[in-house]
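# Architecture at a glance
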Amino acid sequence: MQLQVDGVRLACEVVGTGDWPWVVFVHGFPFSRATWQREAQALAASYRVLTFDLRGLGESELGPAPQPLESYVDDLFALMDGLGIDRAALVGLSMGGYISLRAVQRAEERFWALALCDTRAEADSDEGKLGRAAGIRLLHAGGREEFLRGFLPKLLKRPESDTGRWLMDLMRANAPLAMANALAAMQGRTETTAALATFTLPTLVVVGRDDTLTPLPLAQGMAQRIPGAELAILEDAGHVANLEAPAAFDRALGGFLARVAPR
Ligand code: MLT
């Protein structure tokens, strides 16, 4: 399905029917909604599930660039409005987590639960910002393949696996300009650490034990700051923990949602 949001065509997919509670998934960088396909199918027996492609990625248009992270958050709310989703559980991985954190900070009442997966509330350090700047320059200089080859080992514990090859192909389908825009958006995002103590949603923090991009201590810090938050540490998984430890991820997320869902 395609939805026009602010003059930009965004690709999305809904599975599940009836008046079951909504779950909305937000993918990481530079992926597409395909990275949530398995989870969406697994939850479709008990929930209505929305997955979508962030602007510029997957099958969504970028629209005018540059776009800050706030525009990606606007898109999430616009899609929810367009599909008549009053309240949803929000599940965001990595960049999807940055978007989710801001969405909850802006309008917590639109959600009934929050799952923050392999993400962080801290803004980029200066070193992180310079890394983004190097990535943006490389992408603009025709270095998409080089950028992705350098990035894949940070995403997965086992980059040489079938999952690694699948993810690499998925990332290669994204346009360099859209990837550069997303990097700049992450580089300019705000810090949400101080807001965590004010969150009142049931929250699950998920992290791969071997995540090097948003490592365990950051996840532990987030879980400690959010009142009542649960923490699930997935063994033998890196940054994209839902792809590397799918069964454990589904157990953690499915169990959490079942416990807190409004029925
Ligand atoms: C992601 O997986 O969305 C990104 O790697 C996050 C980041 O680079 O900060």
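Read on for a plain summary of the structure. (Residues numbered from 1 in each chain as written. Predicted model: local features only at pLDDT ≥ 70, side-chain atom pairs only at ≥ 80, totals over all residues. Heavy atoms only, no water.)

### Looking at the nonpolar core
Quick reminder of the rule: For our purposes a nonpolar core is just a set of buried Ala, Val, Leu, Ile, Met, Phe, Trp, Tyr and Cys residues, chained together by side-chain atoms within 4.5 Å. Buried residues are those whose accessible area, probed at 1.4 Å on protein chains only, stays under 20% of the maximum for their type, while exposed residues exceed 50% and partly exposed ones sit between those limits. Note on contacts: a residue pair is in contact if any heavy atoms of the two residues lie within 4.5 Å.
Counting 98 residues, the largest nonpolar core has Leu76, Met95 and Leu167 as its most contacted members. Setting aside residues no more than four positions away along its own chain, Leu76 makes contact with Val24, Val26, Phe52, Leu90, Ile99, Ala103 and Phe111.

### Observations regarding the site of the ligand
Test applied: Residue proximity to a molecule or strand is established when one non-hydrogen atom of the residue lies within 4 Å of it. Counted as a polar contact is a pair of N or O atoms within 3.5 Å, where, for protein atoms, one must be capable of donating a hydrogen and the other of accepting one, and residues adjacent in sequence contribute only when both atoms are in side chains. Accessibility throughout is a Shrake-Rupley quantity obtained with a 1.4 Å probe, and a residue counts as covered only by protein chains that appear here.
The local shell around the ligand consists of Gly28, Phe29, Ser94, Met95, Tyr98, Arg132, Phe151, Met186, Leu213 and His239. Contact distances for the ligand include 2.7 Å between an oxygen atom and a side-chain N or O atom of Ser94. Here an oxygen atom of the ligand and a backbone polar atom of Met95 are 2.8 Å apart. Its free accessible area being 270 Å², the ligand has 95% of it covered by the protein chains.

### Structural notes on the environment of Gly208
Here is the rule we go by: Numbering of helices and strands starts at the N terminus; helices are DSSP runs of H or I of at least 4 residues and strands are runs of E of at least 2.
Counting through the fold element by element, Gly208 comes out in strand β7 (residues 203-208). The exposure class of Gly208 is buried, given its relative accessible area of 0%. Considered as a pair, Gly208 and Asp118 are 90 residues apart in the sequence and their alpha carbons are 6.9 Å apart.

### Here's the deal with the sheet that holds strand β5 (residues 88-93)
For clarity, the threshold we go by: DSSP calls a pair of strands paired once it identifies at least 2 bridges connecting them. Angles run from 0 to 180 degrees between N-to-C directions of axes, and those axes are lines fitted to C-alpha atoms, restricted for helices to the stretch in contact.
Strand order across the open sheet formed by eight strands is β1-β2-β4-β3-β5-β6-β7-β8, with mixed pairing between neighbours. The open sheet has two free edges, formed respectively by β1 (2-5) and β8 (230-234), since each of these has just one partner strand. With strand direction ignored, the average angle separating the axes of adjacent strands in the sheet is 25 degrees. Note that β1 and strand β2 (residues 8-15) share four bridges and pair antiparallel. Bridge assignment links Leu3 to a residue of β2, and that residue is Leu10. Against the sheet, helix α2 (residues 69-82) makes contact with β1, β2, β3 (22-26), β4 (48-52), β5 and β6 (111-117), and its axis sits at roughly 120 degrees relative to β1, the strand it touches most. Helix α10 (residues 246-260) contacts β3, β5, β6, β7 and β8 of the sheet and is inclined by roughly 160 degrees relative to β6.

### Observations concerning the packing of aromatic side chains
Just so we agree on the cut-off: Side-chain rings of Phe, Tyr and Trp (the six-membered ring for Trp) are treated as a pair once their centres are within 6.5 Å; stacked means planes under 30 degrees apart, edge-to-face means over 60, and tilted covers the remaining angles. When the NZ atom of lysine or the CZ atom of arginine is within 6 Å of a ring's centre and also within 35 degrees of its normal, the charge is said to sit over that ring.
Here the structure, examined in full by the defined rule, presents seven aromatic pairs. Where Phe25 meets Trp36, the ring centres are 4.7 Å apart and the plane angle is 40 degrees; that geometry is what we call tilted. On the criterion of sequence distance, the pair formed by Phe25 in strand β3 and Trp36 in the loop between β3 and α1 (37-43) is long-range, its members being 11 residues apart. Take Phe25 and Trp36: they sit in the same class, and that class is buried. Note on Phe29 and Phe151: the rings are 5.6 Å apart at their centroids and 65 degrees apart in plane angle, and the pair reads as edge-to-face. With a gap of 122 residues between them, Phe29 in the loop between β3 and α1 and Phe151 in helix α5 (residues 144-155) connect regions that are remote in the sequence. This pair shows no difference in class: Phe29 is buried, exactly as Phe151 is. Pairwise contacts between aromatic rings join Phe25, Trp36 and Phe249 into one cluster. We note Arg189 situated over the ring of Tyr98; from NZ or CZ to the ring centre the distance is 3.7 Å.

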